[in-house]
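Close look at the chain arrangement
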Amino acid sequence: MKKNSLLKQVIPETGDAIQPEILRVLELTDEEVLVIGCRKRTMPGWWKRITLQDYESMTEEELWELTGIRPRGLDSLTAEENRFVHEHFTLIAGILPFIADEKERSRMVASVAKMYHVSKQTVRYYLCLYLVYQDMSVLAPKRKAVAELSDDEKNMRWALNKFYYTKNKNSLTTAYTLMLKERYCNSRGELSPERPTIHQFRYFYRKTKNLQDYYITRDGMKDYQRNHRPLLGDGVQEFASGVGVAMLDSTICDIYLVNESGGLVGRPILTACVDAYSGMCCGYSLGWEGGTYSLRGLMLNVIADKKEHCRQHGIGIDDTAWDCSRLPATLVTDKGAEYASENFGQLAELGVTIINLPSFRPELKGPVEKFFDLIQSTYKAHLKGRGVIEVDYRERGAHDYRKDACLTLEQFEKILIHCIIYYNSRRIVENFPYTEDMLEKGVRPYASDIWNYGMGQPGAHLLDVHRQDLIHCLFPRTAAKFTRRGLKANGLRYRHDNYTELYLKGGDVVVAYNPEDVSCVWLIENGAYVRFELIETRFTGKDLCAVQECLDRQKKRVQRETGENLQARVELANHIEAIIGPSRPDGRTSLHNIRKNRQREQERVHRDYGKEDGDDV
């Protein structure tokens, strides 16, 4: 027998269902033992040792099985349960040293009950509970069992899932009505008097409502991801930890422009490339056409010398204001047709990694979307009344902003360049996560300064690309074939002096071509571009569409004359048949005197063509 050991009463087998007494030993002396009853959990008392002769030791597991209470351990408790346990252990902690002294113990129980404004019965309850199990976790409140849903609640849950949490976006009243129709009507369509009320239906909905399920089921996953999902990331720098990750997108500018003669043209398309790390604009393309055309212009502008580009528009800048003439190694785009095209994917040949984002997720490329917003808000403040579109655009009775258009594309591009220069080198980037090194080096909170700092960091990844290589890479490609008549591509023939063997052998290859000028194509051979010149010089300098139109017209002209040609061939055959009809070979033609026969025929046929028949020689 030891302190804190458990004893179980040994009961002779008499057939009676008698529960044995279970005791916990708290203190021991030579003649007495302080024990507490584990079943009734009354206050501990002193027993003579001789009275415990009919008791045997038992384990903690047996105690838990017989009493139906199992300590959960402090590690498995929730924060609220842990707080509850420690608060209630505080009630009994001061009494534990006086457990063996009944008088002092009673005094302490009364004192604690008065101090903490609880009843003495409550103090004794938690004291005995702890003494029986010797584990603080038994003081935790009982966890409420999950109540079974009633039949009405099951019907309401079914109705919410079937009629409310759907893309139809029914109201609660509609869902309630449909539930009554499906579950609370008899075969004649009569409502059952034992039905839940609309108030019970609304209460059950509010009690079980899950906002994530609400947004996803009624508005779709894309809307949830775009407008409602928790924003728990560390910003775009978590995705782009250094310079070299750029985001691409296009937008229609909020301004109407005119041509040089004052005729309304429409709204231009702006395509931009923005570095995700610093927010700096690496390049842009402005024009009337989007798609792969604007994309080619954008890529060329990204690798262009920006100081020289600004000088061509009459604008002077410092070397550090827009110091970007290399191609970012990673390009992040959406699923636009131009970015999903094969032409754009060919940039991978230069070492570029292309990441295509899911559809309808503009928030995943926030830097370029914010760039469009800031640039347009910058120039719109100064161009009001000059074709700029306001918020009431296309509303009933709104002003027709097309009538205000007065700027040309060239003028607007100069304004746009000034706005980009301000965006890059003078706009304060407020939320950029500065490092200690950046603070020590005095990096100003401008996109260009952050870019210039990031260029010197180990994570920067930019590619040196030659302009001509980029142009060739972005050209569309097509299948071509070597023949004796040259390299045939797009229905035209091309030549190169060093490919005689392939002209003789033949074979299929891939070539890059410029749709705007068919004067040459480039054979792609081991990553290099070999130029082939056009053989059919009548098409030199023409674009592919014009050439295809000319070839199609020629083909149609030939097809239209096919019937006439066939008729002429039939008539020719008839004339020949009419002439040779009487003549039949009989096999008796003599092969002798051929030379004399030929001489006589020459004298007969070969006459002086200057003499008419009947004239004297």
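In what follows, the structure referred to is the one given above.
Summarised in this report is the structure supplied together with it. (Residues numbered from 1 in each chain as written. Predicted model: local features only at pLDDT ≥ 70, side-chain atom pairs only at ≥ 80, totals over all residues. Heavy atoms only, no water.)

Notes on the sheet that holds strand β1 (residues 6-9)
Filter applied, for reference: Strand pairing is assigned whenever DSSP detects at least two bridges linking the two strands. For the purposes of this entry, the term helix denotes a DSSP run of H or I that reaches at least four residues, the term strand denotes a run of E that reaches at least two, and both are numbered from the N terminus. Axes here refer to lines fitted to C-alpha atoms; in helices the fit is confined to the stretch in contact. Angles between the N-to-C directions go from 0 to 180 degrees.
Ordered by their spatial adjacency, 5 strands build an open sheet running β4-β3-β2-β1-β5, and the pairing between neighbours is antiparallel. Among the strands making up the open sheet, the edge pair consists of β4 (45-48) and β5 (55-58). Taking the axes of each pair of neighbouring strands and ignoring which way they run, one obtains an average angle of 45 degrees across the sheet. Across 4 bridges, the pairing between strand β3 (residues 32-37) and β4 is antiparallel. Bridging across to β4, E32 finds its partner in K48.

What to know about a positive patch on the surface
Selection rule: Patch membership is restricted to residues that have no salt bridge and whose relative accessible area is over 30%. Joining uses 9 Å for like charges and 5 Å for the nonpolar side chains Val, Leu, Ile, Met, Phe, Trp and Tyr. To measure how exposed things are, a 1.4 Å probe is used in the Shrake-Rupley method; for residues, cover is taken only from the protein chains shown. Just to be clear on terms, a salt bridge is a Lys or Arg side-chain nitrogen sitting within 4 Å of an Asp or Glu carboxyl oxygen. For the charge count, each Lys or Arg is scored as positive and each Asp or Glu as negative, with His and the chain ends excluded. The location of each charge is read from NZ of Lys, CZ of Arg, CG of Asp or CD of Glu.
On the surface, R553, K556, R557 and R560 cluster together into a positively charged patch. Mapped onto the fold, R560 is located in helix α19 (residues 544-560).

A few points about the sheet that holds strand β15 (residues 477-483)
Pairing within the closed barrel is antiparallel, and its 6 strands lie in the order β15-β16-β17-β20-β19-β18. Looking at each pair of strands side by side, their axes are set apart by 45 degrees on average, direction ignored. Two elements, strand β16 (residues 486-489) and strand β17 (residues 492-495), share 3 bridges in a ladder whose sense is antiparallel. Across the sheet, the residue bridging to K488 is R493, located in β17.

Side note on a nonpolar patch on the surface
This is how it is decided: Any residue under 20% of the maximum accessible area for its type is buried, any over 50% is exposed, and the rest in between are partly exposed; the area is computed with a 1.4 Å probe on protein chains only.
Residues L572, I576, I579 and I580 make up a contiguous nonpolar surface patch of roughly 390 Å² in combined accessible area. Relative to the helices and strands, I580 resides in helix α20 (residues 562-580). Judged by relative accessible area, I580 falls into the partly exposed class, the value being 42%.

What about the pairing of strand β2 (residues 22-28)?
Of all 7 residues in β2, 5 are buried; the element is thus mostly enclosed. Pairing between β1 and β2: 3 bridges, direction antiparallel. Counted as the bridge partner of L7 is L23 from β2. Alignment of β2 against β3, held across 5 bridges, turns out to be antiparallel. Looking at the pairing, R24 lines up with I36 of β3. Between the end of β2 and the start of β3, which pair antiparallel, lie 3 residues.

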